[in-house]
Amino acid sequence: PQCDGGDVLYTGRHLFVGRSDRTNNHGFQFLRDAFASHGMAVDGIISVPPVVAGKEVLHLKSAVTHIDEYTLLVPEGPAGDIVLDAMKATERGYDAI
């Protein structure tokens with residue numbers, strides 16, 4: 001498994017794992033299994049497809065961070081829209097600033 005910390009974002013409600021050249025599906029599955037074995041609900045551990053906004057971002061956390069359990073900080077414009085869509089942030093109850 002391969003996983004880079006820059007691709008892992010815990011908001012207090014969800015664990016988002018961005019897939020990239022540095023974080024593969026095996027790395028995501030490893031984290032999902034590890035966190036689930038410690039009581040985190042599997043549906044709260046989310047694989048995020050690679051974020052491309054003109055070009056692929058280096059890490060998930062290069063495009064998004066969290067302010068609190070319900071608020072995400074993203075860039076304005078297409079880059080922010082793409083990462084929010086990839087995370088299904090609105091459906092999961094997040095506001096974006």
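Residues numbered from 1 in each chain as written. Predicted model: local features only at pLDDT ≥ 70, side-chain atom pairs only at ≥ 80, totals over all residues. Heavy atoms only, no water.

1. Quick word on the packing of aromatic side chains
Scanning all chains against the criterion turns up 1 aromatic pair. Above the ring of Tyr94, the side-chain terminus of Arg13 is found at 4.2 Å from the ring centroid. (Phe/Tyr/Trp six-rings, centres within 6.5 Å; stacked < 30°, edge-to-face > 60°. Lys NZ or Arg CZ within 6 Å of the ring centre and 35° of its normal.)

2. A closer look at the pattern of salt bridges
Throughout the structure, instances matching the rule amount to 1 salt bridge. The partner of Arg32 in a salt bridge is Asp33, with the nearest N and O atoms 3.5 Å apart. Looking at Arg32, the relative accessible area reads 25%, which means it is partly exposed. Under the relative-accessibility criterion, Asp33 is labelled partly exposed at 46%. (Salt bridge = Lys/Arg side-chain N within 4 Å of Asp/Glu carboxyl O. Buried < 20%, exposed > 50% of the residue type's maximum accessible area, 1.4 Å probe, protein only.)

3. Observations regarding helix 1 (residues 25–37)
Between the first and last C-alpha of helix 1 there are 18 Å, a value that for 13 residues agrees with the 18 Å anticipated at 1.5 Å per step. Considering only its buried residues, helix 1 is in contact with strand 1 (8–10), strand 2 (15–18) and strand 3 (45–48). Measuring from the backbone nitrogen of His26 back to the side-chain oxygen at the start of helix 1 gives 3.2 Å, which picks out Asn24 as the cap. Where helix 1 terminates, the next one or two residues include Gly39, which has phi positive at roughly 100 degrees. (Helix = DSSP H or I, 4+ residues; strand = E, 2+ residues; numbered from the N terminus. Expected span 1.5 Å × (residues − 1). Contact = heavy atoms within 4.5 Å. Polar contact = N/O pair within 3.5 Å; in protein donor to acceptor, adjacent residues only side chain to side chain.)

4. With respect to the sheet that holds strand 6 (residues 95–96)
Taken in spatial order, the 3 strands line up as 4-5-6 in an open sheet, and their pairing is mixed. Either end of the sheet is taken by a strand with one partner, and the two such strands are strand 4 (65–68) and strand 6. Direction of pairing for strand 5 (residues 71–73) relative to strand 6: parallel, over a ladder of 2 bridges. The residue bridging Thr71 from the neighbouring strand is Asp95, located in strand 6. (Pairing = 2+ DSSP bridges.)

5. Some words on the side chain of Ser20
Residue placement: Ser20 occurs in the loop between strand 2 and helix 1. Look at Ser20 and you get buried, because its relative accessible area is 16%. Within the structure, the side chain of Ser20 is placed 2.8 Å from the side chain of Asp7, a separation counted as a polar contact. Separated by 3.0 Å, the side chain of Ser20 and the backbone nitrogen of Arg22 make a polar contact.

6. What to know about the confidence of the model for the chain
Per-residue confidence for the chain averages 91 on the pLDDT scale, and 95% of its residues sit at or above 70. Between the elements of the chain, mean pLDDT differs from a low of 91, seen in helix 2 (residues 78–87), to a high of 98, seen in strand 5. (pLDDT = per-residue confidence, 0-100.)

7. Remarks on the sheet that holds strand 1
Sheet strands associate in pairs through backbone hydrogen bonding, adopting either a parallel or an antiparallel arrangement. Strand order in the open sheet formed by 3 strands is 1-2-3, with mixed pairing between adjacent strands. At either end of the open sheet lies a strand with only one pairing partner, and these are strand 1 and strand 3. The sheet shows a mean angle of 20 degrees between the axes of neighbouring strands, taken without regard to direction. Contacts from helix 1 reach strand 1, strand 2 and strand 3, with the element oriented near 170 degrees to strand 3. (Axes fitted to C-alpha atoms, helices over the stretch in contact; angles between N-to-C directions.)

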